[in-house]
Amino acid sequence: MNADVRCPGSLAELWPLLEDGFAVMAGGTDLLARRGAPGRVACLERIAGLQGIREEEGLLRMGACETHSRLLRHPLTASGLPVLARALSVLGSPLVRNMGTIGGNIVTASPAGDTLPPLYALDAVVELASRQGTRRVPLDGFILGPGRTALGEGEIVSAVLARIPAAGEVQHFEKVGRRKALAISVVSLAAVLRLDGSGTVASARLALGSVGPTVLRCPRAEAMLTGRRLDRETLLAVGETLREEISPIDDLRATAAYRRTVAGNLPLRLAV
Ligand SMILES: Cc1cc2nc3c(=O)[nH]c(=O)nc-3n(C[C@H](O)[C@H](O)[C@H](O)COP(=O)(O)OP(=O)(O)OC[C@H]3O[C@@H](n4cnc5c(N)ncnc54)[C@H](O)[C@@H]3O)c2cc1C
(Lines give C-alpha, C1' and ligand atoms only; values in the text may rest on other atoms or scores of the structure.)
Protein backbone atom coordinates (compact mmCIF):
# COMPACT_ATOMS: atom_id res chain seq x y z
CA MET A 1 0.00 0.00 0.00
CA ASN A 2 1.29 3.51 -0.83
CA ALA A 3 1.37 5.54 2.36
CA ASP A 4 0.18 9.15 2.25
CA VAL A 5 1.48 10.68 5.50
CA ARG A 6 0.84 14.36 6.25
CA CYS A 7 2.18 16.37 9.17
CA PRO A 8 0.02 19.48 9.52
CA GLY A 9 1.58 22.32 11.51
CA SER A 10 -1.70 23.61 12.89
CA LEU A 11 -5.28 22.58 13.63
CA ALA A 12 -6.42 24.71 10.67
CA GLU A 13 -4.30 22.50 8.39
CA LEU A 14 -5.58 19.32 10.08
CA TRP A 15 -9.34 19.79 9.57
CA PRO A 16 -9.38 19.41 5.74
CA LEU A 17 -7.35 16.20 6.07
CA LEU A 18 -9.88 14.73 8.52
CA GLU A 19 -12.72 15.74 6.18
CA ASP A 20 -10.82 13.94 3.43
CA GLY A 21 -10.80 10.69 5.46
CA PHE A 22 -7.25 10.74 6.86
CA ALA A 23 -6.73 8.71 10.06
CA VAL A 24 -5.20 10.50 13.01
CA MET A 25 -1.86 9.33 14.41
CA ALA A 26 -0.02 10.58 17.51
CA GLY A 27 2.85 8.29 18.61
CA GLY A 28 1.67 5.44 16.39
CA THR A 29 2.37 2.75 19.01
CA ASP A 30 -1.19 1.43 18.88
CA LEU A 31 -2.18 2.48 15.37
CA LEU A 32 0.82 0.93 13.64
CA ALA A 33 0.68 -2.22 15.77
CA ARG A 34 -2.99 -2.72 14.88
CA ARG A 35 -3.07 -1.60 11.25
CA GLY A 36 0.46 -2.25 10.01
CA ALA A 37 1.61 0.07 7.23
CA PRO A 38 -0.55 3.18 7.30
CA GLY A 39 -2.60 4.31 4.30
CA ARG A 40 -3.65 7.93 4.68
CA VAL A 41 -2.45 9.32 7.97
CA ALA A 42 -2.38 12.77 9.54
CA CYS A 43 0.33 13.00 12.24
CA LEU A 44 -0.48 15.29 15.15
CA GLU A 45 3.04 15.73 16.50
CA ARG A 46 3.78 19.14 14.94
CA ILE A 47 0.61 20.83 16.19
CA ALA A 48 1.75 23.07 19.04
CA GLY A 49 -1.79 23.45 20.46
CA LEU A 50 -1.83 19.73 21.36
CA GLN A 51 1.29 20.02 23.53
CA GLY A 52 1.89 21.57 26.94
CA ILE A 53 1.33 20.78 30.60
CA ARG A 54 0.02 23.56 32.82
CA GLU A 55 -2.22 24.35 35.75
CA GLU A 56 -5.57 25.85 34.81
CA GLU A 57 -8.21 26.71 37.43
CA GLY A 58 -7.15 23.98 39.88
CA LEU A 59 -6.87 21.39 37.11
CA LEU A 60 -3.77 20.04 35.40
CA ARG A 61 -4.15 20.47 31.64
CA MET A 62 -2.20 17.91 29.66
CA GLY A 63 -2.01 18.34 25.89
CA ALA A 64 -3.16 15.20 24.06
CA CYS A 65 0.20 14.80 22.28
CA GLU A 66 2.26 14.90 25.45
CA THR A 67 4.19 11.64 25.57
CA HIS A 68 4.18 9.41 28.63
CA SER A 69 7.89 10.20 29.17
CA ARG A 70 7.41 13.96 29.03
CA LEU A 71 4.47 13.75 31.45
CA LEU A 72 6.46 11.56 33.77
CA ARG A 73 9.39 14.00 33.83
CA HIS A 74 7.22 17.09 34.32
CA PRO A 75 7.33 18.49 37.88
CA LEU A 76 3.59 19.24 37.92
CA THR A 77 2.74 15.59 37.25
CA ALA A 78 5.38 14.22 39.56
CA SER A 79 4.46 16.46 42.48
CA GLY A 80 0.71 16.91 41.99
CA LEU A 81 -0.44 13.64 40.44
CA PRO A 82 1.75 10.80 41.75
CA VAL A 83 -1.12 8.35 41.07
CA LEU A 84 -0.76 9.15 37.35
CA ALA A 85 3.03 9.38 37.46
CA ARG A 86 3.22 5.89 38.98
CA ALA A 87 1.00 4.50 36.19
CA LEU A 88 3.09 6.21 33.51
CA SER A 89 6.26 4.75 35.00
CA VAL A 90 5.01 1.18 34.43
CA LEU A 91 3.39 1.74 31.01
CA GLY A 92 5.07 -0.40 28.34
CA SER A 93 8.81 0.17 27.95
CA PRO A 94 10.99 3.31 27.71
CA LEU A 95 10.57 3.24 23.91
CA VAL A 96 6.78 2.99 24.14
CA ARG A 97 6.72 5.78 26.73
CA ASN A 98 8.86 7.98 24.47
CA MET A 99 6.51 7.56 21.49
CA GLY A 100 3.07 6.90 23.03
CA THR A 101 0.86 9.79 24.10
CA ILE A 102 -1.81 10.32 26.71
CA GLY A 103 -4.34 11.21 23.97
CA GLY A 104 -3.58 7.95 22.16
CA ASN A 105 -3.98 5.96 25.38
CA ILE A 106 -7.42 7.52 25.96
CA VAL A 107 -8.70 7.08 22.40
CA THR A 108 -7.46 3.48 22.29
CA ALA A 109 -9.93 3.02 25.18
CA SER A 110 -8.51 -0.29 26.36
CA PRO A 111 -9.78 -1.39 29.79
CA ALA A 112 -6.09 -2.17 30.44
CA GLY A 113 -4.88 1.33 29.42
CA ASP A 114 -2.59 2.35 32.27
CA THR A 115 -3.37 6.07 32.38
CA LEU A 116 -7.11 5.44 32.62
CA PRO A 117 -7.66 4.26 36.24
CA PRO A 118 -5.73 7.29 37.61
CA LEU A 119 -7.61 9.64 35.29
CA TYR A 120 -10.99 8.15 36.37
CA ALA A 121 -9.97 8.53 40.02
CA LEU A 122 -8.93 12.15 39.37
CA ASP A 123 -12.30 13.11 37.78
CA ALA A 124 -10.61 13.78 34.45
CA VAL A 125 -12.37 15.64 31.68
CA VAL A 126 -11.50 15.20 28.00
CA GLU A 127 -11.29 18.28 25.78
CA LEU A 128 -12.35 17.61 22.20
CA ALA A 129 -11.57 19.93 19.30
CA SER A 130 -13.08 20.18 15.85
CA ARG A 131 -13.45 22.84 13.16
CA GLN A 132 -16.49 24.05 15.12
CA GLY A 133 -14.53 24.71 18.35
CA THR A 134 -14.00 22.73 21.56
CA ARG A 135 -16.20 20.86 24.04
CA ARG A 136 -15.44 19.06 27.29
CA VAL A 137 -16.73 15.61 28.26
CA PRO A 138 -16.12 13.66 31.50
CA LEU A 139 -13.73 10.80 30.76
CA ASP A 140 -16.18 8.18 32.03
CA GLY A 141 -18.75 9.46 29.53
CA PHE A 142 -16.20 9.65 26.71
CA ILE A 143 -15.06 6.02 26.91
CA LEU A 144 -17.96 3.79 25.87
CA GLY A 145 -16.37 0.33 25.68
CA PRO A 146 -13.23 -1.45 24.50
CA GLY A 147 -11.92 0.70 21.62
CA ARG A 148 -15.14 2.78 21.57
CA THR A 149 -15.35 6.46 22.44
CA ALA A 150 -17.74 9.37 22.00
CA LEU A 151 -15.33 11.02 19.56
CA GLY A 152 -17.46 12.66 16.87
CA GLU A 153 -16.81 12.94 13.14
CA GLY A 154 -14.03 15.45 12.50
CA GLU A 155 -13.08 15.63 16.19
CA ILE A 156 -9.81 14.95 17.96
CA VAL A 157 -8.82 14.88 21.61
CA SER A 158 -6.94 18.11 22.24
CA ALA A 159 -6.24 17.75 25.99
CA VAL A 160 -7.15 15.96 29.19
CA LEU A 161 -7.73 17.88 32.39
CA ALA A 162 -7.43 16.28 35.83
CA ARG A 163 -8.26 17.56 39.29
CA ILE A 164 -5.11 18.21 41.35
CA PRO A 165 -5.69 16.59 44.77
CA ALA A 166 -5.03 18.72 47.83
CA ALA A 167 -1.73 18.17 49.63
CA GLY A 168 -1.99 15.18 51.93
CA GLU A 169 -4.55 13.22 49.89
CA VAL A 170 -3.50 9.58 49.59
CA GLN A 171 -2.72 8.65 45.97
CA HIS A 172 -1.92 5.10 44.98
CA PHE A 173 -1.59 3.11 41.73
CA GLU A 174 -0.74 -0.50 41.40
CA LYS A 175 -0.66 -2.74 38.35
CA VAL A 176 -0.45 -6.51 38.37
CA GLY A 177 0.81 -7.98 35.12
CA ARG A 178 2.13 -11.33 34.00
CA ARG A 179 5.72 -10.17 34.36
CA LYS A 180 7.57 -7.22 35.88
CA ALA A 181 8.20 -5.12 32.76
CA LEU A 182 6.48 -4.53 29.40
CA ALA A 183 3.30 -6.22 30.59
CA ILE A 184 -0.32 -5.27 29.92
CA SER A 185 -2.19 -5.19 33.22
CA VAL A 186 -4.16 -8.18 34.46
CA VAL A 187 -5.69 -5.96 37.14
CA SER A 188 -4.86 -2.39 38.19
CA LEU A 189 -6.13 -0.11 40.94
CA ALA A 190 -5.98 3.66 41.29
CA ALA A 191 -7.03 5.23 44.56
CA VAL A 192 -7.33 8.87 45.60
CA LEU A 193 -8.42 9.30 49.23
CA ARG A 194 -8.91 12.38 51.37
CA LEU A 195 -8.29 11.80 55.08
CA ASP A 196 -9.33 14.07 57.92
CA GLY A 197 -6.93 15.07 60.71
CA SER A 198 -7.61 11.86 62.64
CA GLY A 199 -6.86 9.55 59.70
CA THR A 200 -10.51 8.84 58.89
CA VAL A 201 -11.39 8.68 55.18
CA ALA A 202 -13.42 11.78 54.26
CA SER A 203 -13.80 10.85 50.57
CA ALA A 204 -12.62 7.98 48.41
CA ARG A 205 -12.27 7.45 44.69
CA LEU A 206 -11.32 3.98 43.47
CA ALA A 207 -10.95 2.88 39.84
CA LEU A 208 -10.04 -0.59 38.62
CA GLY A 209 -8.57 -1.51 35.24
CA SER A 210 -8.85 -4.77 33.25
CA VAL A 211 -11.87 -6.06 35.19
CA GLY A 212 -14.68 -4.99 32.87
CA PRO A 213 -15.30 -3.54 29.40
CA THR A 214 -14.14 -0.11 30.60
CA VAL A 215 -12.24 1.06 33.66
CA LEU A 216 -14.70 0.79 36.55
CA ARG A 217 -15.34 3.17 39.44
CA CYS A 218 -16.46 1.27 42.54
CA PRO A 219 -19.15 3.32 44.32
CA ARG A 220 -20.09 0.72 46.95
CA ALA A 221 -16.48 0.18 48.00
CA GLU A 222 -15.92 3.97 48.04
CA ALA A 223 -18.94 4.46 50.30
CA MET A 224 -17.74 1.67 52.58
CA LEU A 225 -14.32 3.35 52.97
CA THR A 226 -15.78 6.74 53.77
CA GLY A 227 -15.92 7.46 57.50
CA ARG A 228 -13.53 4.62 58.35
CA ARG A 229 -9.81 4.30 58.98
CA LEU A 230 -7.43 2.50 56.62
CA ASP A 231 -7.03 -0.54 58.87
CA ARG A 232 -6.79 -4.16 57.77
CA GLU A 233 -10.36 -5.05 58.74
CA THR A 234 -11.83 -2.19 56.69
CA LEU A 235 -9.62 -2.89 53.67
CA LEU A 236 -10.48 -6.60 53.69
CA ALA A 237 -14.18 -5.68 53.68
CA VAL A 238 -13.57 -3.16 50.88
CA GLY A 239 -11.77 -5.86 48.91
CA GLU A 240 -14.77 -8.20 49.23
CA THR A 241 -17.07 -5.45 48.00
CA LEU A 242 -14.77 -4.73 45.05
CA ARG A 243 -14.93 -8.39 44.08
CA GLU A 244 -18.73 -8.12 43.96
CA GLU A 245 -18.70 -4.86 41.99
CA ILE A 246 -16.51 -5.95 39.07
CA SER A 247 -17.25 -8.12 36.04
CA PRO A 248 -13.94 -9.55 34.83
CA ILE A 249 -13.58 -11.96 31.92
CA ASP A 250 -11.31 -14.91 31.18
CA ASP A 251 -8.75 -14.06 28.51
CA LEU A 252 -5.28 -15.16 27.51
CA ARG A 253 -3.71 -13.12 30.32
CA ALA A 254 -5.79 -14.39 33.28
CA THR A 255 -8.99 -16.07 34.37
CA ALA A 256 -11.90 -14.06 35.71
CA ALA A 257 -11.53 -15.82 39.07
CA TYR A 258 -7.85 -14.80 39.35
CA ARG A 259 -8.68 -11.20 38.46
CA ARG A 260 -11.44 -11.14 41.11
CA THR A 261 -9.07 -12.48 43.77
CA VAL A 262 -6.29 -10.00 42.93
CA ALA A 263 -8.65 -7.02 42.66
CA GLY A 264 -9.90 -7.70 46.18
CA ASN A 265 -6.35 -7.95 47.54
CA LEU A 266 -5.07 -4.66 46.08
CA PRO A 267 -6.79 -2.34 48.61
CA LEU A 268 -4.64 -3.89 51.38
CA ARG A 269 -1.77 -1.77 50.00
CA LEU A 270 -3.61 1.28 51.32
CA ALA A 271 -3.16 0.20 54.94
CA VAL A 272 -1.48 2.88 57.04
C1 LIG B 1 5.03 -3.03 22.83
C2 LIG B 1 3.86 -2.21 23.36
C3 LIG B 1 3.59 -2.21 24.71
C4 LIG B 1 2.54 -1.45 25.22
N5 LIG B 1 2.31 -1.47 26.57
C6 LIG B 1 1.31 -0.73 27.08
C7 LIG B 1 1.08 -0.73 28.48
O8 LIG B 1 1.77 -1.38 29.28
N9 LIG B 1 0.06 0.03 28.96
C10 LIG B 1 -0.73 0.77 28.13
O11 LIG B 1 -1.64 1.46 28.62
N12 LIG B 1 -0.55 0.77 26.78
C13 LIG B 1 0.45 0.04 26.25
N14 LIG B 1 0.66 0.02 24.89
C15 LIG B 1 -0.29 0.72 24.03
C16 LIG B 1 0.13 2.14 23.57
O17 LIG B 1 1.50 2.36 23.64
C18 LIG B 1 -0.57 3.25 24.38
O19 LIG B 1 -1.98 3.06 24.34
C20 LIG B 1 -0.24 4.66 23.85
O21 LIG B 1 -0.60 5.60 24.85
C22 LIG B 1 -0.94 5.01 22.56
O23 LIG B 1 -0.56 6.33 22.22
P24 LIG B 1 -0.07 6.70 20.75
O25 LIG B 1 0.21 8.16 20.76
O26 LIG B 1 1.03 5.84 20.29
O27 LIG B 1 -1.40 6.40 19.93
P28 LIG B 1 -1.54 6.11 18.34
O29 LIG B 1 -1.06 4.74 18.05
O30 LIG B 1 -0.97 7.21 17.54
O31 LIG B 1 -3.13 6.17 18.22
C32 LIG B 1 -3.95 5.25 18.90
C33 LIG B 1 -5.41 5.51 18.51
O34 LIG B 1 -5.81 6.77 19.02
C35 LIG B 1 -6.14 7.68 17.97
N36 LIG B 1 -5.59 8.97 18.42
C37 LIG B 1 -4.34 9.21 18.90
N38 LIG B 1 -4.26 10.47 19.34
C39 LIG B 1 -5.47 11.03 19.13
C40 LIG B 1 -6.02 12.33 19.39
N41 LIG B 1 -5.31 13.30 19.99
N42 LIG B 1 -7.32 12.56 19.07
C43 LIG B 1 -8.06 11.59 18.49
N44 LIG B 1 -7.60 10.35 18.22
C45 LIG B 1 -6.33 10.09 18.54
C46 LIG B 1 -5.53 7.11 16.70
O47 LIG B 1 -6.26 7.47 15.56
C48 LIG B 1 -5.62 5.61 17.00
O49 LIG B 1 -6.93 5.13 16.73
C50 LIG B 1 1.72 -0.70 24.35
C51 LIG B 1 1.98 -0.70 22.97
C52 LIG B 1 3.04 -1.44 22.48
C53 LIG B 1 3.31 -1.42 20.99
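Scroll up a little and you will see the structure.
Here the structure is a predicted model, which means the values were calculated and not measured.

Peer 1: Please give an account of the nonpolar core that cites residues and values.
Peer 2: In terms of nonpolar packing, the biggest core is built from 33 residues, with Met62, Ile102, Ile106, Leu119, Leu139 and Phe142 touching the most fellow members. Mapped onto this core, the elements with two or more residues apiece are β5 (59-63), α5 (82-89), α7 (102-108), α8 (116-121), β6 (125-130), α9 (139-142), β10 (156-163) and β12 (185-195). With sequence-adjacent residues up to four places away left out, Phe142 is seen in contact with Ile106, Val126, Leu128, Val137, Arg148, Thr149, Ala150, Leu151 and Val157. Within the second largest apolar cluster, 25 residues are counted, among which are Val186, Ala191, Leu193 and Leu270.

Peer 1: Help me get a handle on the pattern of salt bridges, residues and values and all.
Peer 2: This model, assessed by the stated rule, comprises 20 salt bridges. Of the charged contacts in the structure, one is a salt bridge between Glu19 and Arg131, with a shortest N-O distance of 2.7 Å. Pair noted here: Glu19 is in helix α1 (residues 11-19) and Arg131 is in the loop between β6 and β7 (133-138), with a separation of 112 residues, a long-range link. Its relative accessible area of 55% is what places Glu19 among the exposed residues. Among the residues examined, Arg131 registers a relative accessible area of 46% and is labelled partly exposed. Where Arg220 meets Glu244, a salt bridge forms, and the shortest distance between an N and an O atom there is 2.8 Å. With Arg220 in helix α10 (residues 219-225) and Glu244 in helix α11 (residues 232-245), the pair connects residues that are 24 residues apart, well separated along the chain. Exposure remark for Glu244: the relative accessible area of 53% places this residue in the exposed category. Through salt bridges with shared partners, a single ionic network connects Arg54, Glu56, Arg61, Glu127 and Arg136.

Peer 1: Could you give an account of the pairing of β12, with specific residues and numbers?
Peer 2: Summarising burial for β12: 9 of the 11 residues are buried, a large majority. In the sheet, strand β11 (residues 170-177) pairs with β12 via 8 bridges, with the strands oriented antiparallel. Paired with Gly177 across the strands is Ser185, a residue of β12. Bridge count between β12 and strand β13 (residues 201-209): 8 bridges; the pairing is antiparallel. Paired with Ser188 across the bridge in β13 is Gly209. Where β12 folds back on β13, the antiparallel hairpin that results is connected by 5 residues, among which Gly199 adopts a positive phi of roughly 85°.

Peer 1: Tell me what's going on with α11, and back it up with residues and numbers.
Peer 2: Between its terminal C-alpha atoms α11 stretches 20 Å, which fits the 20 Å expected from 14 residues at 1.5 Å a residue. Against the buried residues of α11 lie β13, α10 and α12 (256-265).

Peer 1: Which residues make up the sheet that holds β13, and what are the values?
Peer 2: A sheet is described by the order of its strands in space; here 4 strands give the open sequence β11-β12-β13-β14, paired in antiparallel fashion. Each end of this open sheet is capped by a strand with a single partner; those strands are β11 and β14 (216-217). Lying over the sheet, α5 contacts β11 and β12, oriented at roughly 20° with respect to β11. Packing against the sheet, α12 makes contact with β11, β12 and β13, and its axis sits at approximately 25° to β12.

Peer 1: An account of unusual backbone geometry is requested, with residue identities and associated values reported.
Peer 2: When glycine is set aside, most residues are seen to have a negative phi, and most peptide bonds are trans. Although it is not a glycine, Ala109 sits at a positive phi angle of roughly 50°. With respect to the helices and strands, the residue Ala109 is situated in the loop between α7 and α8. Note on Ala109: relative accessible area 2%, which makes it buried. The phi dihedral of Asp123 falls on the positive side, at around 60°, and the residue is not glycine.

Peer 1: An account of the environment of Ser185 is needed here, citing residue identities and associated values.
Peer 2: Its place among the elements puts Ser185 in strand β12. For Ser185, a relative accessible area of 0% puts it in the buried group. Counting along the chain gives 68 residues from Ser185 to Arg253, while the straight-line C-alpha distance between them is 8.6 Å. Those residues within four positions of Ser185 in sequence are excluded, and the remaining contacts are Ala112, Asp114, Lys175, Val176, Ser210 and Arg253. Within the structure, Ser185 has its side chain in polar contact with the side chain of Ser210 (distance 2.8 Å).

Calculation criteria
- Residues numbered from 1 in each chain as written.
- Predicted model: local features only at pLDDT ≥ 70, side-chain atom pairs only at ≥ 80, totals over all residues.
- Heavy atoms only, no water.
- Core = buried A, V, L, I, M, F, W, Y, C linked by side-chain atoms within 4.5 Å.
- Buried < 20%, exposed > 50% of the residue type's maximum accessible area, 1.4 Å probe, protein only.
- Helix = DSSP H or I, 4+ residues; strand = E, 2+ residues; numbered from the N terminus.
- Contact = heavy atoms within 4.5 Å.
- Salt bridge = Lys/Arg side-chain N within 4 Å of Asp/Glu carboxyl O.
- Pairing = 2+ DSSP bridges.
- Expected span 1.5 Å × (residues − 1).
- Axes fitted to C-alpha atoms, helices over the stretch in contact; angles between N-to-C directions.
- Polar contact = N/O pair within 3.5 Å; in protein donor to acceptor, adjacent residues only side chain to side chain.

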